[in-house]
Amino acid sequence: MKIAVMGAGAIGCYFGARLVAAGEEVHFIGRGPHLKAMNEKGLKIVSPHGDLYLKRVNTVENPKTVGPVDMVLFCVKLWDTDTAAEQIKPMLRSDTGVYSFQNGIYAESRLSELLGAEHVIGGYAATPATVVEPGVVRQFGEWCTLGFGELNNKRTARVEAFLAACQRAKIDSHIEDDIEAALWTKFIFITTHSGATSFCRSTEGPIRNDPWGRKLLIGLSSEATAIARAKGINIPANNSEHVLEQIDELPPDAQGSMYTDLQRGARLELEWLTGLMVKLGEEVGVPTPSHRAVMMALNLHAGGKI
């Protein structure tokens, strides 16, 4: 397959590199020191699933130079969705899929508005990863999964082809039976994980082992699960317990991407994650005291360094 990674950061580079190593044609689109290092020295992946070094990778700053592709892995920050969607249009054929790796549930509906729902593939990328230095990505822990599917849950040729490419790359991947439920399950997890680690200024290990920290995790996941069920999303009533099980399986030094951005003084995706959860809670009449506490603590920092 010919694949473009739009927003070549940690997550896009990790999965993109695995696909390159399996023989797929992958173009990494980005900017800044990380892309420059990839262009000059290649891309190095450090991972429990096996380290990888690609001496040469296809790196570009302008998507127009890539040409039409089979699949776009859309990996930009949520606030860049509109701008990046416009930039990828030259890479789209009538059957090109756009698979968002972005956090939350906002991206699929917005990309459908901007590009047409026929292009959009729902999905998520679930693994902790970070750029430890330009040209080097570290992936943490054993949990490293891609889940995706058409918005109408049909098994089309393009999702089957991408699944086959992922399997050749030995990526844990699957086509979801109910993509809306899958997106909400990830949304609940990420607002719990990123919300707690950012709010507590801590990695996950100390939070889950502290009695009050664990109460925070339970509060965040329980409120979010109640909102999803009130909206008719097909997730089980005990989903909150499943979220805590997932968090208990994370490495002790795992942290949400929002906490990483907070440490760097970068802009936060707070509005599209915790903020959206609070808004949806208001719409369906579900109280969200834990999510509101996170908003009150972090909104001052949402724009980056103050």
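Residues numbered from 1 in each chain as written. Predicted model: local features only at pLDDT ≥ 70, side-chain atom pairs only at ≥ 80, totals over all residues. Heavy atoms only, no water.

(A) Representation of the pattern of salt bridges in the model. Here the structure, examined in full by the defined rule, presents 13 salt bridges. Measuring nitrogen to oxygen at the nearest pair gives 3.0 Å for the salt bridge that ties Asp 95 to Arg 93. Under the relative-accessibility criterion, Asp 95 is labelled partly exposed at 41%. Linked by salt bridges that have partners in common, Asp 70, Arg 93 and Asp 95 make up one network. (Salt bridge = Lys/Arg side-chain N within 4 Å of Asp/Glu carboxyl O. Buried < 20%, exposed > 50% of the residue type's maximum accessible area, 1.4 Å probe, protein only.)

(B) Looking closely at the sheet that holds strand S5 (residues 58-60). Spatial strand order, S5-S2-S1-S6-S7-S8-S11-S12: eight strands in an open sheet with mixed pairing. Two strands lie at the open edges of the sheet, namely S5 and strand S12 (172-175), each paired on one side alone. Each strand axis lies, on average, 20° off the axis of its neighbour in the sheet, ignoring direction. Sheet topology note: the strand S1 (residues 2-6)/strand S6 (residues 71-74) ladder contains four bridges and is parallel. What sits directly across from Ile 3, in S6, is Met 71. Here helix H1 (residues 10-21) sits on the sheet and contacts S1, strand S2 (25-29), S6, strand S8 (120-126) and strand S11 (145-150); the angle it forms with S2, its principal contact strand, is near 160°. (Pairing = 2+ DSSP bridges. Helix = DSSP H or I, 4+ residues; strand = E, 2+ residues; numbered from the N terminus. Axes fitted to C-alpha atoms, helices over the stretch in contact; angles between N-to-C directions. Contact = heavy atoms within 4.5 Å.)

(C) Broad picture of the environment of Asn 299. Counting through the fold element by element, Asn 299 comes out in the segment after helix H12 (289-298). Residues Asn 299 and Ser 202, 97 residues apart in the sequence, show an inter-C-alpha distance of 18 Å.

(D) Focus on the layout of surface pockets. Empty space within the second largest pocket amounts to approximately 310 Å³. In this structure, the second largest pocket is lined by 19 residues; those nearest its centre are Tyr 124, Trp 143, Thr 185, His 242 and Gln 246. Elements supplying a minimum of two residues to the lining of the second largest pocket: S8, helix H6 (179-200) and helix H9 (239-249). Of the residues assigned to the lining of the second largest pocket, the class counts are nine nonpolar, six polar and four charged. (1 Å grid on protein atoms, 1.4 Å probe; cavity = no way out; pocket = protein on both sides within 12 Å on 5 of 7 lines; lining within 4 Å. Points joined across faces, edges and corners; volume = space filled by probe spheres on them. Nonpolar A, V, L, I, M, F, W, Y, C, P; charged D, E, K, R; others polar.)

(E) Layout of the pairing of S12. Residues Ser 173 and Ile 175 point to one face of S12 and are all buried, whereas Asp 172 and His 174, pointing to the other face, are not buried. With four bridges joining them, S11 and S12 adopt parallel strand pairing. Across the sheet, Leu 146 pairs through a bridge with Ser 173, a residue of S12. With respect to chirality, the unit in which S11 leads through helix H5 (residues 157-168) into the neighbouring parallel S12 is right-handed. (Right-handed = clockwise from strand over helix to strand, strands pointing away.)

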